[in-house]
Amino acid sequence: MKPRVKRALLSAFGLLTLAGAGLGAYAIPKIRAFDQSMAQVYDIAPPAIQRSSDPAVLARGKHLTESITACATRDCHGSDLAGGQSIDLGPLGTLSGPNLSNGFLTAYSDGELARLLQFGLKRDGTSVRMMPVQDFNWLPDSDVVALVSYLRTIPRIDRPNGPMVVRPLAKILDRRGEFIFDVARHVATRPRELAPPPSPSAEYGRFVARLCMGCHGDGLSGGRIPGAPPSIPIPSNITPDASGIKEWTYEDFIKLLNTGVRKNGLALNPFMPYEALAKMDDVEKRALWFYLRSVPAKPFGQR
Ligand code: HEC
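Residues numbered from 1 in each chain as written. Predicted model: local features only at pLDDT ≥ 70, side-chain atom pairs only at ≥ 80, totals over all residues. Heavy atoms only, no water.

1. Concerning the overall build of the protein
Quick reminder of the rule: Under the DSSP-based scheme used, a helix requires at least four consecutive residues in state H or I and a strand at least two consecutive residues in state E, with every element numbered from the N terminus. Exposure is judged per residue with a 1.4 Å probe applied to protein chains only, and the accessible area is read against the type maximum: over 50% gives exposed, under 20% gives buried, and values in between give partly exposed. For this analysis, residues touch if any pair of their heavy atoms sits within 4.5 Å. All accessibility values rest on the Shrake-Rupley procedure with a 1.4 Å probe; residue burial counts only the protein chains present in the view. When charges are tallied, Lys and Arg are placed among the positive residues and Asp and Glu among the negative ones, while His and the ends of the chain are skipped. A charged residue contributes its charge at one atom only: NZ of Lys, CZ of Arg, CG of Asp or CD of Glu.
The helix and strand tally for the protein stands at 12 helices and three strands. Taken over the C-alpha atoms alone, the protein extends approximately 85 × 50 × 35 Å along its principal axes. The buried share among the 303 residues of the protein stands at 46%. Sequence-distant contacts in the protein: of pairs separated by 6 or more residues, those separated by 24 or more amount to 69%. Total accessible area on the protein stands at roughly 15,200 Å², and carbon and sulfur atoms take up 60% of it. In the protein, 37 positive and 28 negative side-chain charges are present, and the distance between their average locations comes to 11 Å.

What follows is the structure, given as structure tokens:
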């Protein structure tokens, strides 16, 4: 090999090694911090709650699992709550919501289940991975009772759970605050804010819209989910910008929520959980609409 070529190769190798070492120095502490945080046992006692068999309470619990909390959807815990389908998030990992209808939940006491829904803690007091508790921990205690009561009544279906894998990139993005996998840490850093009683208002819609933010971004302007592979569709802009829902009417919005068909006539990718949005009641849908119309318009992709 000519010395010049060899020198060039050596320096390229040197640069790559340096880049690799730099990346390692950046990534390794973040990955370690994530793992340590996930191993932390939180000192939060399970609340004392009283399960109910009142049909109105059970109906409220069913409604919540199918709408606002989106538990009972294809990509979360499955439409029958017996386990969601696995979502391959490429370099981030693979997500599969577990089966809530058999052994797994029966091991939880009612208080432990309430604590899971409010603080994102598993039975052993460590954090759950990725389950978006931050989207619904604004529900009042009476709704938590309704959820727990209803979950005790769902029929048992034995279906094995899919894989749940959180890869290093997911851990780094979590520590950078770009995506929440370490749920309890995130929930613990914010005071729990309770919603006002349901009403068709932007004020209530601000809470319902939390469900949208994991995908459409905190500012609701959409753009690629950080670290997600190209197989995951890109969430749209749902602010009142020209690239968003500026020209939409309430009728366009309701049609999308109920049928998954957009204003332009194109069907939505089912990754967008309109299954849950369709099940929202009239007050929730209107509240959501008023809130989306009230947020600052932003160009697409600012998340
Ligand atoms: C799991 C991720 C996810 C969640 C949660 C989610 N969306 Fe979406 N949404 C998407 C994706 C992805 C698209 C684009 C789908 C496509 O291109 O087919 C989309 C598209 C849309 C559109 C279509 C916009 C257009 O220009 O056609 C609207 C409206 C919308 N979402 C509203 C909502 C609302 C309101 C919520 C919360 C109540 C919500 N979404 C929650 C992923 C999500």
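2. Focus: the site of the ligand
As a reminder, the rule being used: Only a single heavy atom is needed: when it lies within 4 Å of a molecule or strand, its residue is near that molecule or strand. Two N or O atoms count as a polar contact when they lie within 3.5 Å, although within protein this holds only if one can serve as hydrogen donor and the other as acceptor, and sequence-adjacent residues are included solely when both atoms are side-chain atoms. Under the convention adopted here, Pro, Cys and the residues Ala, Val, Leu, Ile, Met, Phe, Trp and Tyr are nonpolar, Asp, Glu, Lys and Arg are charged, and Gly plus all remaining residues are polar.
Taken together, 20 residues are adjacent to the ligand, and C212, C215, H216, R262 and M272 come closest. A distance of 2.7 Å separates an oxygen atom of the ligand from a polar backbone atom of N269. When residues of the shell around the ligand are traced back to their parent elements, those giving at least two are α9 (210-216) and α12 (282-294). No other element matches α9, which puts four residues into the shell around the ligand. Along the lines of polarity and charge, the residues of the shell around the ligand split into 16 nonpolar, three polar and one charged.

3. Some points on the pattern of salt bridges
This is how the line gets drawn: Any Lys or Arg side-chain nitrogen found within 4 Å of a carboxyl oxygen on Asp or Glu counts as a salt bridge.
Applying the stated criterion to the full structure yields 17 salt bridges. A salt bridge links R74 to D75, with the nearest nitrogen and oxygen atoms 2.9 Å apart. R74 gets classed as partly exposed once you look at its relative accessible area, which sits at 31%. We classify D75 as buried; its relative accessible area is 16%. Linked by salt bridges that have partners in common, R51, D110 and R152 make up one network.

4. Remarks on the nonpolar core
Going by this rule: Here the nonpolar core consists of buried residues drawn from Ala, Val, Leu, Ile, Met, Phe, Trp, Tyr and Cys, with membership extended through side-chain atoms lying within 4.5 Å. Residue ranges labeled as domains rest on an automatic or database domain assignment.
If you look at the biggest cluster of nonpolar residues, it comprises 54 residues, and the most contacted ones within it are L81, W138, L220 and F253. Breaking this core down by element, the ones donating at least two residues are α4 (110-119), α5 (141-151), α7 (183-188), α8 (202-208), α9, α10 (250-259), α11 (274-278) and α12. Counting residues domain by domain, this core receives three or more from each of domain 1 (55-188) and domain 2 (202-294). When near neighbours in sequence (up to four residues on either side) are disregarded, F253 contacts W248, K285, L288, W289 and L292. M38, L173, F179 and F271 belong to the second-largest nonpolar core, a separate cluster that totals 15 residues.

5. Examining the coordination of the iron atom of the ligand
Just so we agree on the cut-off: For Na, K and Ca the donor cutoff is 3.2 Å, while for all other metals N, O and S atoms must lie within 2.8 Å; water is not among the atoms, so some sites may look incomplete. Irregular is the default label, applied whenever a site is not tetrahedral (four donors, all angles between 85 and 135 degrees) and neither square planar nor octahedral (four or six donors, opposite donors over 155 degrees apart, all other angles between 65 and 115).
Around the iron atom of the ligand, the protein supplies H216 (NE2) and M272 (SD) as donor atoms, at distances of 2.0 Å. Given six donor atoms and angles of 88 to 180° at the metal, the environment of the iron atom of the ligand is assigned as octahedral. Of this pair, H216 sits in helix α9 while M272 sits in the loop between α10 and α11, and the two are 56 residues apart along the sequence.

6. Details of the state of the cysteines
Disulfides are covalent bonds that connect the sulfur atoms of two cysteines. Our working rule: Any cysteine sulfur atom paired with another within 2.5 Å is treated as part of a disulfide.
Applying the stated criterion across every chain, the model contains zero disulfides. Cysteine C71 is unpaired, with the sulfur of C76 as its nearest cysteine sulfur at 7.7 Å.

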